[in-house]
Amino acid sequence: MPDRLAKRVLVVGWDAADWKFARPLMDRGLMPTLKRFSERGASGNLATNRPILSPMLWNSIATGKRPFKHGIYGFTEPRPDGDGVRPCASTSRRCKALWNIATQSGLKTNVVGWYASHPAEPINGVAVSNRYTDLAGKIDEPWPLAEGTVHPPELADELAALRVHPGELGREAILPFMPTLEGNQLDPGNHHRLGHLMELIAETTTVHSAATHLMANTEWDLMCVYYEGIDRFAHGFMEFHPPRMDHVKPGFFEMYKEVMTGCYRFHDMMLSALLQLAGPDTTVLLLSDHGYYDDHLRPKGSAAETNPVAWHRPLGLLAMDGPGVRPGTDIFGSSILDITPTVLTLLGLPVDSQMDGRVLLDAIAPDAKPDWVMDWDNVPGDAGLHPDNHRGAPEAARAAMQQLIDLGYIEDPGTDEEAVQRTILGNLNRKMSSYLDADRHEQALSVAEELTDRFPDEPYAW
């Protein structure tokens, strides 16, 4: 086993965070935590994979493997019994994630909110799935956690009490995002975008509440926290960011033009809390899966009428600091596939030779000597994985599907058979694109031939 370079590691994911947006705020003194953190440690761009789709990317980050190895190709997949479709889940992943390897190695691990992490896996530590923020109704209505949201389940009530409901937010909580907010605009029923903003603030705060609670009240060697906020805020409000786009009415522009700046500053304040709780003995990695266009490269027209993926910039951000990290280092040529190999090396664990990324040796201690294992998936031991026959509750899957539809991530799939066929078509297309992104042209051609055989009359939109 290689030497352990870090006493413990905190991995923080900010979906869609972009240096291009953050650096001007840092220079203006509006993101002081990120500025100090990135300048003190190592930082650089982080290249994404294609297709630039969050479920695929965050599972590649957590495994160090491309989608054709981890098996997640989109938001949904056919149900195991073939009866309709369901959201991709922790049981969809075909290989061990970082927290499974840590569990198998005897390390205590917490994971909060990671994409496609429901149902929560039985790891050595605490798992809080991406269903944790699901909103059930109005503030005076019951708000149960979906079955399987928390492991161990005896912590469910304790963590459920930490959630923030949009109805709890007053004007003071919204003003940092909308400085011009007036009293008569506070009714989200009359301003649907305001209601959406309140939901995003509450969801992001909810993830942060669980993360900080676990950091402060549990023993852990590895902590992985995923914030979807920046991506969700951007899909809803980047079209209102200056300069004003042609389709945006001046009144709406004045109302919402500061939302994205407020979003980034909000994340900077949350990062400050995480760093204080982590302490100087913790090595911290902050990263995003991709960036987000905020200037003349934004797609023309309303965000609701454009392809959401077209807003994604192919470069995310990476910043690292703490024991084992070389201070003041610029990181070049890194990709999302490099995160898991690097974290394993920091924790003194072997790197899987089947992983597609590399250890970022230019960013960590110069005497680091990674060790290798042929394939972690073939190493026996309890890795905190669900059994193969674990399918989760069908009603929970249906509720999650409806949320994806309501959020605009997917279209209503229609009837069960139609939904299955459309899902297979989309996932095969993205599988082919994933092979092409890895320059595996023979495998991509094989998938293309399967598409032609199964869907001869369909146009193949990538």
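Here, every reference points to the structure presented above.
These remarks concern the structure in this document. (Residues numbered from 1 in each chain as written. Predicted model: local features only at pLDDT ≥ 70, side-chain atom pairs only at ≥ 80, totals over all residues. Heavy atoms only, no water.)

**Focus on unusual backbone geometry**
Across the junction of histidine 118 and proline 119, the peptide omega takes the value 0°, indicating a cis bond. Within the secondary structure, proline 119 is located in the loop between strand 5 (109-112) and strand 6 (125-128). At the junction of histidine 151 and proline 152, the peptide bond is cis and its omega measures out at -5° in the coordinates. Counting through the fold element by element, proline 152 comes out in the loop between strand 7 (150-151) and helix 6 (156-160). With phi around 60°, aspartate 439 is a residue other than glycine that occupies positive phi space. Residue placement: aspartate 439 occurs in the loop between helix 14 (416-437) and helix 15 (441-454). (Helix = DSSP H or I, 4+ residues; strand = E, 2+ residues; numbered from the N terminus.)

**As for helix 9 (residues 229-237)**
Most of helix 9 is tucked away: eight of the nine residues are buried. When we look at burial in helix 9, the residues that qualify are Gly229, Ile230, Asp231, Arg232, Phe233, Ala234, Gly236 and Phe237. (Buried < 20%, exposed > 50% of the residue type's maximum accessible area, 1.4 Å probe, protein only.)

**Points about the sheet that holds strand 8 (residues 222-227)**
A sheet is described by the order of its strands in space; here nine strands give the open sequence 7-6-5-8-1-9-12-2-13, paired in mixed fashion. Two strands lie at the open edges of the sheet, namely strand 7 and strand 13 (329-331), each paired on one side alone. Those strands touched by helix 2 (residues 32-40) are strand 1 (8-14), strand 2 (42-47), strand 9 (282-287) and strand 12 (315-321), and its axis lies near 70° from that of strand 12. With respect to the sheet, helix 11 (residues 259-278) is in contact with strand 1, strand 8 and strand 9, its orientation differing from that of strand 1 by roughly 170°. (Pairing = 2+ DSSP bridges. Contact = heavy atoms within 4.5 Å. Axes fitted to C-alpha atoms, helices over the stretch in contact; angles between N-to-C directions.)

**Focus on the side chain of glutamate 239**
Within the secondary structure, glutamate 239 sits in the loop between helix 9 and helix 10 (250-256). One buried charged side chain, glutamate 239, makes no salt bridge at all; its nearest oppositely charged neighbour is arginine 193, positioned 5.4 Å away. A distance of 2.6 Å separates a polar atom in the side chain of glutamate 239 from a polar atom in the side chain of histidine 247. Among the polar contacts made by the side chain of glutamate 239, one reaches the main-chain amide nitrogen of alanine 303 at a distance of 3.5 Å. Beyond its immediate sequence surroundings of up to four residues, glutamate 239 is in contact with Met245, His247, Val248, Arg298, Ser302, Ala303 and Trp311. (Lys, Arg positive; Asp, Glu negative; His and termini not counted. Salt bridge = Lys/Arg side-chain N within 4 Å of Asp/Glu carboxyl O. Polar contact = N/O pair within 3.5 Å; in protein donor to acceptor, adjacent residues only side chain to side chain.)

**Comments concerning the packing of aromatic side chains**
Overall, the coordinates contain 14 aromatic pairs when judged by the stated rule. A ring pair is formed by tryptophan 114 and tyrosine 226, whose centres lie 6.1 Å apart and whose planes are at 50°; its orientation type is tilted. Note that tryptophan 114 is positioned in the loop between strand 5 and strand 6 and tyrosine 226 in strand 8, a separation of 112 residues in sequence. Of the two residues, tryptophan 114 and tyrosine 226, both sit in the buried class. (Phe/Tyr/Trp six-rings, centres within 6.5 Å; stacked < 30°, edge-to-face > 60°.)

**Some details on the side chain of asparagine 100**
Among the structural elements, asparagine 100 can be located in helix 5 (residues 98-104). Overall, asparagine 100 belongs to the buried group, its relative accessible area being 0%. Of the polar contacts made by the side chain of asparagine 100, one reaches the side chain of glutamate 121; its length is 3.5 Å. In this structure the side chain of asparagine 100 is engaged in a polar contact, spanning 2.9 Å, whose partner is the backbone oxygen of alanine 383. Ignoring any residue separated from it by four or fewer positions in sequence, one finds asparagine 100 in contact with Arg93, Glu121, Ile123, Ala383, Gly384 and Leu385.

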